[in-house]
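Close look at the chain arrangement
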Amino acid sequence: MTDAVVSSPVGAAPAQRVSLLRVLGPAHVWALGVGIVLVGEYTGWNFAVDKGGALATLIVCWFVGVLYTSVAMIDSEVTSTVAAAGGQYAQAKHIVGPLMAFNVALYLVFAYTMLQVSDAILVGDLVVTVAGTEGLQRHAFVVLTIVVLAWLNYRGVLMTLNVNFVITAIAYVAIVVLFFAVQPWSQGTVLKLGELVTPDNALPYGWIGVIAAFHFGIWFYLGIEGTTQAAEEVRSPARSLPYGTMAGMITLLIGAAMTWYVCASLLPWEYLGFTFFPLYDAARITGSGFLETLMFWGTVLAAVASANGCINDAARAWFSLGRDRYLPTWFSAVHPKYRTPYRSILFLLPIALAFAFIADLNQAITFSILSGLLGYTFMSINIVMFRRKWPLGSIRRGYTHPFHPMPALALLALCIVTYFAVFLGYGSQLIAMTIFYIIVSVWFHFYRYKYVRRGDQFTMPWPKPVGY
């Protein structure tokens with residue numbers, strides 16, 4: 001299942017089978033999921049304030065938290081059972097079929113690639129802004145960030161996620177330090193929430209603003225589902241994936257609450273909705289040079305950790321498409337020494353660089369959000385089909401999520417609300433992306449589908465589904 005074949009000369013010994021390494025534990029899964037998402041606490045979420053106000057963003061923070069808790073629970077059940085690279089793609093090919101699997105893999109690749117682009121733009125903008133040197137361009141820092149992290153991923157998953165664990169932990173601790181440094185238990189001493197969020201401006205656009213805020217409120221947690229991309233490289237999928245994913249979700253819920261409370265209590269909502277660096281600007285308001293420096297490095301490290309995890313996940317999805325012949329098998333090569341999907345990593349590198357030069361931050365974020373939403377919509381349908389085809393007790397599950405089908409229904413409802421929110425501000429981009437995925441689906445059906453060997457892609461030793 002996990003092997004890519006290295007070709008050998010005619011008459012030589014049989015080709016050596018090179019597979020991805022199973023070297024990761026729960027801490028690495030946590031580092032992958034939280035590392036991808038934490039940058040959303042440092043920037044991105046605050047654009048929801050511009051859409052609906054500070055109170056609307058708090059409401060959305062918790063509603064979207066429900067959405068992503070559902071994502072985490074659903075993913076933990078299915079991926080701890082379907083433990084293969086590609087995450088949701090591997091789920092789709094086993095449970096639904098090739099066309100859905102192909103589309104899900106594309107959603108993953110574009111969601112992570114555009115998130116990676118957003119991270120690199122953020123690093124470049126922040127360094128140029130803080131340096132304040134005339135003539136200094138962000139493009140050099142964008143290229144440096146993407147290329148160095150691609151090299152790190154090329155060299156091995158264990159080293160990549162060890163680095164991610166360290167820098168993610170530092171960035172998260174920085175938020176905790178800022179939270180306690182501004183004395184959150186004593187409103188009025190440093191924090192001014194009562195003055196900045198008043199009955200007159202709490203919901204400046206009414207309840208339609210709450211709906212509109214879903215567009216960027218999703219940024220608080222976008223990417224936690226990336227933990228599933230490590231399924232084939234963890235030592236114990238049944239243990240590591242649920243523990244790492246759920247621990248990551250709890251970490252992010254706490255971080256999101258602290259972030260909103262500090263920023264909304266220090267920055268006027270009109271400014272908070274436009275700045276690219278809300279936590280950094282909040283630290284500047286305190287007048288503490290230490291906190292300002294801490295938030296600068298926290299923002300940089302969070303963006304780097306996110307881009308690092310995105311390269312890892314996008315490459316695994318692309319690699320899986322090649323291995324199953326949805327794309328040319330050339331992409332399924334595994335490096336004989338580093339045991340990484342190195343061709344997929346290298347192929348996606350210039351694509352990320354190209355988008356980084358032509359897209360602005362809002363466009364890149366929206367592209368990532370829309371691709372992610374399409375994947376989440378699939379998850380709500382996928383888990384219902386999974387439970388119907390293989391009821392509890394019919395196959396061994398590493399984790400069983402509670403209250404089924406409520407998480408799936410909550411996820412689907414919140415996805416619909418978020419689609420509407422995106423349509424309010426980026427309707428043309430939503431329509432363009434939908435058309436793009438339809439065109440690519442038609443291409444796959446008429447050109448690429450004939451290369452897929454359906455018998456080979458079903459790798460789980462499960463009984464026949466109920467009703468077949």
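Look above for the structure.
Residues numbered from 1 in each chain as written. Predicted model: local features only at pLDDT ≥ 70, side-chain atom pairs only at ≥ 80, totals over all residues. Heavy atoms only, no water.

1. A look at the packing of aromatic side chains
Under the counting rule described, the total for this entry stands at 36 aromatic pairs. Ring geometry for phenylalanine 216 against tyrosine 426: centres 6.4 Å apart, planes inclined by 85°, an arrangement best described as edge-to-face. Taken together, the residues span a long stretch of sequence, with phenylalanine 216 in helix α10 (residues 207–217) and tyrosine 426 in helix α17 (residues 406–448) at a distance of 210 residues. The class for tyrosine 426 is buried, based on a relative accessible area of 18%. Among the aromatic residues, those joined into a cluster by ring pairs are Tyr89, Phe102, Tyr326, Trp443, Phe444, Tyr447, Tyr449 and Tyr451. (Phe/Tyr/Trp six-rings, centres within 6.5 Å; stacked < 30°, edge-to-face > 60°. Helix = DSSP H or I, 4+ residues; strand = E, 2+ residues; numbered from the N terminus. Buried < 20%, exposed > 50% of the residue type's maximum accessible area, 1.4 Å probe, protein only.)

2. What to know about the pattern of salt bridges
Applying the stated rule across the entire model yields seven salt bridges. Between arginine 138 and aspartate 125 there is a salt bridge whose closest N-O contact spans 3.2 Å. With arginine 138 in the loop between α6 (98–131) and α7 (139–155) and aspartate 125 in helix α6, the pair connects residues that are 13 residues apart, well separated along the chain. On the basis of relative accessible area, arginine 138 is assigned to the partly exposed category, the value being 21%. For arginine 284, the salt bridge is made with aspartate 281, and the minimal N-O distance between the two is 3.6 Å. (Salt bridge = Lys/Arg side-chain N within 4 Å of Asp/Glu carboxyl O.)

3. Considerations on the layout of surface pockets
Of the voids in this model, the second largest pocket is the one considered here, and its volume is about 240 Å³. His94, Lys389, Trp390, Phe458 and Pro465 are, among the 13 residues lining the second largest pocket, the residues nearest its centre. Per-class residue counts for the lining of the second largest pocket are nine nonpolar, one polar and three charged. (1 Å grid on protein atoms, 1.4 Å probe; cavity = no way out; pocket = protein on both sides within 12 Å on 5 of 7 lines; lining within 4 Å. Points joined across faces, edges and corners; volume = space filled by probe spheres on them. Nonpolar A, V, L, I, M, F, W, Y, C, P; charged D, E, K, R; others polar.)

4. Examining unusual backbone geometry
When glycine is set aside, most residues are seen to have a negative phi, and most peptide bonds are trans. The linkage connecting histidine 404 with the following residue, proline 405, adopts the cis geometry, with an omega of 10°. By the element assignment, proline 405 lies in the loop between α16 (361–389) and α17. Phi at arginine 325 takes a positive value of approximately 70°, unusual for a residue other than glycine. Position of arginine 325 relative to the elements: it lies in the loop between α14 (289–323) and α15 (342–358). Under the relative-accessibility criterion, arginine 325 is labelled partly exposed at 29%. Even without being a glycine, phenylalanine 403 presents a positive backbone phi close to 65°.

5. Points about the environment of methionine 249
Turning to its location among the elements, methionine 249 is positioned in helix α11 (residues 237–266). Among the residues examined, methionine 249 registers a relative accessible area of 1% and is labelled buried. Sequence separation between methionine 249 and arginine 138 is 111 residues, and the spatial gap between their C-alpha atoms is 32 Å. Beyond its immediate sequence surroundings of up to four residues, methionine 249 is in contact with Gly65, Tyr68, Thr69, Ala72, Tyr221 and Ile224. (Contact = heavy atoms within 4.5 Å.)

6. Quick notes on the side chain of threonine 57
Residue placement: threonine 57 occurs in helix α4 (residues 54–81). On the basis of relative accessible area, threonine 57 is assigned to the buried category, the value being 0%. Within the structure, the side chain of threonine 57 is placed 3.2 Å from the backbone nitrogen of valine 49, a separation counted as a polar contact. If we ignore the near neighbours within four places in the chain, the residues touching threonine 57 are Trp45, Ala48, Val49, Phe220 and Trp260. (Polar contact = N/O pair within 3.5 Å; in protein donor to acceptor, adjacent residues only side chain to side chain.)

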